[in-house]
Amino acid sequence: MNRQAEFILIIVGASFSILTFFGATLYTLVFGINAMLMLDMPTTYGGGGEAIILWIFTFFSIIAVLFTLASAIFGFIGAFKIKNNGPKTKLFGVCFIVLGGLQVFTIHGILFLIAGILTVTKKEYQTNLKEDEGIKWD
């Protein structure tokens, strides 16, 4: 079965996930450096409360970096598994629905969600050849 649409959606989604990974990495570095500077000289840059908030932002941005990296890797692997139309294609479709649902507020999450729905709902057509009737699609 031709799964070109799903393949392209997942590849574009994984590419956006890579771009998000680089942005989240930069964000993590900025907040991490600022948090370390605040711990080094708390009286110069602000109080201890600001340092705690920066460490919280750094922690959540590290989680975002790891999640987008895993999303990109799974996206590229899953795209080629779906393109080959292996036996676990529907399972990858369900995985992309879950992954897209977790990232529904991002463009790559929406693309993963659409590709997963297309993968799960695509109907396989079979041809029936009968002598006098020609080709019928079921």
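Everything that follows concerns the structure shown earlier in this document.
The sections below set out a description of the structure shown in this document.

### Some points on the side chain of Ser-17
Examined against the element boundaries, Ser-17 turns out to sit in helix 1 (residues 4–40). In this structure, Ser-17 is in contact with Thr-68, Ser-71, Ala-72 and His-108, ignoring residues within four places of it in sequence.

### Thoughts on the packing of helix 4 (residues 89–102) against helix 5 (residues 107–121)
Packed helix pairs are specified by the crossing angle of their axes together with the interaxial distance, meaning the distance between the axes. Close contact between helix 4 and helix 5 brings their axes to 7 Å; oriented N to C, the two are set at 150°. Comparing the axis directions of helix 4 and helix 5 gives the class roughly antiparallel. Note that helix 4 runs across helix 5; the crossing there is left-handed. Contact residues: Thr-89, Lys-90, Gly-93, Val-94, Phe-96, Ile-97, Leu-99, Gly-100 and Gly-101 in helix 4; Gly-109, Phe-112, Leu-113, Gly-116, Ile-117, Thr-119 and Val-120 in helix 5. Residue composition of the contact of helix 4 with helix 5, by class: eight nonpolar, seven polar and one charged.

### Comments concerning the pattern of salt bridges
Oppositely charged side chains can form a pair if their charged atoms are brought close together. Following the criterion strictly, the structure yields two salt bridges and no others. A salt bridge links Arg-3 to Glu-6; its shortest N-O distance comes to 3.6 Å. Here Glu-6 ties to Lys-122 by a salt bridge, and the two come within 3.6 Å at their closest N and O atoms. In this pair, Glu-6 sits in helix 1 while Lys-122 sits in the loop between helix 5 and strand 1 (127–130), placing the two residues 116 residues apart along the sequence. Residue class for Glu-6 comes out buried when judged on its relative accessible area of 0%. Within this structure, Arg-3, Glu-6 and Lys-122 form a network of salt bridges that share partners.

### Things to note about the packing of aromatic side chains
According to the stated counting rule, one finds eight aromatic pairs in the structure shown. Ring plane angle 70° and centroid distance 4.6 Å describe the contact between Tyr-27 and Phe-31, whose orientation is recorded as edge-to-face. Of this pair, Tyr-27 and Phe-31 both sit in helix 1, four residues apart, roughly one helical turn. The partly exposed category is assigned to Tyr-27, whose relative accessible area is 42%. With 5.4 Å between their ring centres and 65° between their planes, Phe-59 and Phe-60 make a pair best called edge-to-face. Taking relative accessible area as the criterion, Phe-59 reaches 49% and is therefore assigned partly exposed.

### Here's the deal with the side chain of Gln-103
Relative to the helices and strands, Gln-103 resides in the loop between helix 4 and helix 5. Judged by its relative accessible area of 5%, Gln-103 falls in the buried class. Polar contacts involving the side chain of Gln-103 include one to the side chain of Ser-71, which spans 3.1 Å. Once you skip the residues sitting within four places of it in the chain, Gln-103 turns out to touch Phe-67, Ser-71, His-108, Gly-109 and Ile-110.

What counts as what
- Residues numbered from 1 in each chain as written.
- Predicted model: local features only at pLDDT ≥ 70, side-chain atom pairs only at ≥ 80, totals over all residues.
- Heavy atoms only, no water.
- Helix = DSSP H or I, 4+ residues; strand = E, 2+ residues; numbered from the N terminus.
- Contact = heavy atoms within 4.5 Å.
- Axes fitted to C-alpha atoms, helices over the stretch in contact; angles between N-to-C directions.
- Parallel < 35°, antiparallel > 145°, perpendicular 65-115°, else oblique.
- Left-handed = near helix turned anticlockwise from the far one by under 90°.
- Nonpolar A, V, L, I, M, F, W, Y, C, P; charged D, E, K, R; others polar.
- Salt bridge = Lys/Arg side-chain N within 4 Å of Asp/Glu carboxyl O.
- Buried < 20%, exposed > 50% of the residue type's maximum accessible area, 1.4 Å probe, protein only.
- Phe/Tyr/Trp six-rings, centres within 6.5 Å; stacked < 30°, edge-to-face > 60°.
- Polar contact = N/O pair within 3.5 Å; in protein donor to acceptor, adjacent residues only side chain to side chain.

Nothing here speaks to function; it is all geometry.
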